[in-house]
Amino acid sequence: MSLISFTSSRTNEPNTPISETPKERIVSLFSLIRINKSPLLVTGIRICKFKKFVNASKLPVPLRLEIHNLMNHFEIQKIINPDILNKVDLHQPSRLLSMSYKEAQGESWLNKLLCMDLKWVLADNDLIKVRSACQMNDLNVGFPLLDERLIKFALKLPDHYKLRNQHLRPFFKRAMQDFLPKTILQKQKHGFSVPVGQWILNNASLRAYTMDTLSEFKKREFLSASFIDDLKDRLLMEHPGYYGVMVWLIVVLELWLQTKQYAISHLDANHYWMEQTA
């Protein structure tokens, strides 16, 4: 539990993915996993995925890329405090996403998507996670494939060098065939998602810690109390693989807010003391 709190306190924004947990801790937690693989559950998951695919196909690019955003699967008006809703523009994120796509360099749709990916996925998300995780372990990290000269060169390449018959990066793989073994070049890409929802349910200490943190966040009245209660008492237990992500995001946000509030109050106290003694 202290590791989760420590990781949250070391970031400048409430963005602490479960993948930043040290690998040895993750391996030890895998013994807690008991995944239900009943045919009924698998069939239900496939139907849900098909419905998401159909709904996504009706949206224009790049908005269809946000189909996996958890907040798009809830009725915002029912879960966010009305006072907060009145102060924010719910359509602003979509406008910014569309603006980035339209202003991206490159005439082809593929280059536009890649440019947008550099900004929204890499610069605003992935690189932040990697850098914060490395800094916590006193490691220096570099990104040679993000060299500006290499990116400009990649933008000049025709689309079929980057994507051909649903095969990714054919140009890059061909260029590296004399340097990398076939097992690497032919390896399928896969993410590093972990069953945080299952961990919460199957580990008593982690579950108690999570529920206490959710209760603390509930006091802030950012989200409706009924939604948080439903998340704790029903949704997480019914679909831990799906709602576990939402629970994790709220927990990290609460821990981050606690840290930043302490830092602000401590800074204010020092500032006040300096004024009084000047």
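Before any of the text, the structure's been laid out above.
Residues numbered from 1 in each chain as written. Predicted model: local features only at pLDDT ≥ 70, side-chain atom pairs only at ≥ 80, totals over all residues. Heavy atoms only, no water.

A. Inspection of the overall build of the chain at higher detail. Across its full length, the chain carries 14 helices and two strands. Counting only residues that meet the buried cut, the chain has 29% of its 278 residues in that class. Summarising the internal contacts of the chain: among those between residues at least 6 apart in sequence, 62% fall at separations of at least 24. Only carbon and sulfur atoms are counted for the fraction: they give 59% of the accessible area of the chain, which is about 19700 Å². (Helix = DSSP H or I, 4+ residues; strand = E, 2+ residues; numbered from the N terminus. Buried < 20%, exposed > 50% of the residue type's maximum accessible area, 1.4 Å probe, protein only. Contact = heavy atoms within 4.5 Å. Areas by Shrake-Rupley, 256 points an atom, 1.4 Å probe, with all protein chains shown as cover.)

B. Quick peek at the packing of helix α6 (residues 92–103) against helix α7 (residues 109–136). Running from N to C, α6 and α7 cross one another at 130°; their axes reach a closest spacing of 8 Å. With respect to their mutual orientation, α6 and α7 come out oblique. α7 is crossed by α6, and the crossing has right-handed handedness. Contacts from P93, L96, L97, S100, Y101 and K102 of α6 reach α7 at W109, K112, L113, M116, K119 and W120. In terms of residue class, the contact of α6 with α7 is made up of eight nonpolar, one polar and three charged. (Axes fitted to C-alpha atoms, helices over the stretch in contact; angles between N-to-C directions. Parallel < 35°, antiparallel > 145°, perpendicular 65-115°, else oblique. Left-handed = near helix turned anticlockwise from the far one by under 90°. Nonpolar A, V, L, I, M, F, W, Y, C, P; charged D, E, K, R; others polar.)

C. Quick peek at the packing of aromatic side chains. Following the criterion strictly, the structure yields four aromatic pairs and no others. A centroid spacing of 6.2 Å and a plane angle of 50° characterise the contact between F153 and F171, whose relative ring orientation is tilted. On the criterion of sequence distance, the pair formed by F153 in helix α8 (residues 148–156) and F171 in helix α9 (residues 170–175) is long-range, its members being 18 residues apart. Among the residues examined, F153 registers a relative accessible area of 41% and is labelled partly exposed. Here a set of aromatic residues connected by ring pairs shows up, and it is made of F153, Y161 and F171. Across the ring face of Y101, the terminal group of K112 is positioned such that the distance to the ring centre comes to 5.9 Å. The ring of W120 has K119 lying over it, and the distance from NZ or CZ to the ring centre is 5.8 Å. (Phe/Tyr/Trp six-rings, centres within 6.5 Å; stacked < 30°, edge-to-face > 60°. Lys NZ or Arg CZ within 6 Å of the ring centre and 35° of its normal.)

D. Quick peek at a nonpolar patch on the surface. On the surface, L145, L150, F153, Y161, F171 and F172 cluster together to form a nonpolar patch covering roughly 530 Å² of accessible area. Elements supplying a minimum of two residues to the nonpolar patch: α8 and α9. As for its position among the elements, Y161 is in the loop between α8 and β1 (163–164). For Y161, a relative accessible area of 31% puts it in the partly exposed group. (Patch = residues over 30% accessible without salt bridge, like charges linked within 9 Å, V, L, I, M, F, W, Y side chains within 5 Å. Salt bridge = Lys/Arg side-chain N within 4 Å of Asp/Glu carboxyl O.)

E. Broad picture of the environment of I250. Along the polypeptide, I250 turns up in helix α14 (residues 240–277). Given a relative accessible area of 4%, I250 falls into the buried group. In this structure I250 touches L214, F217, L223 and L231, once residues within four positions along its chain are discounted.

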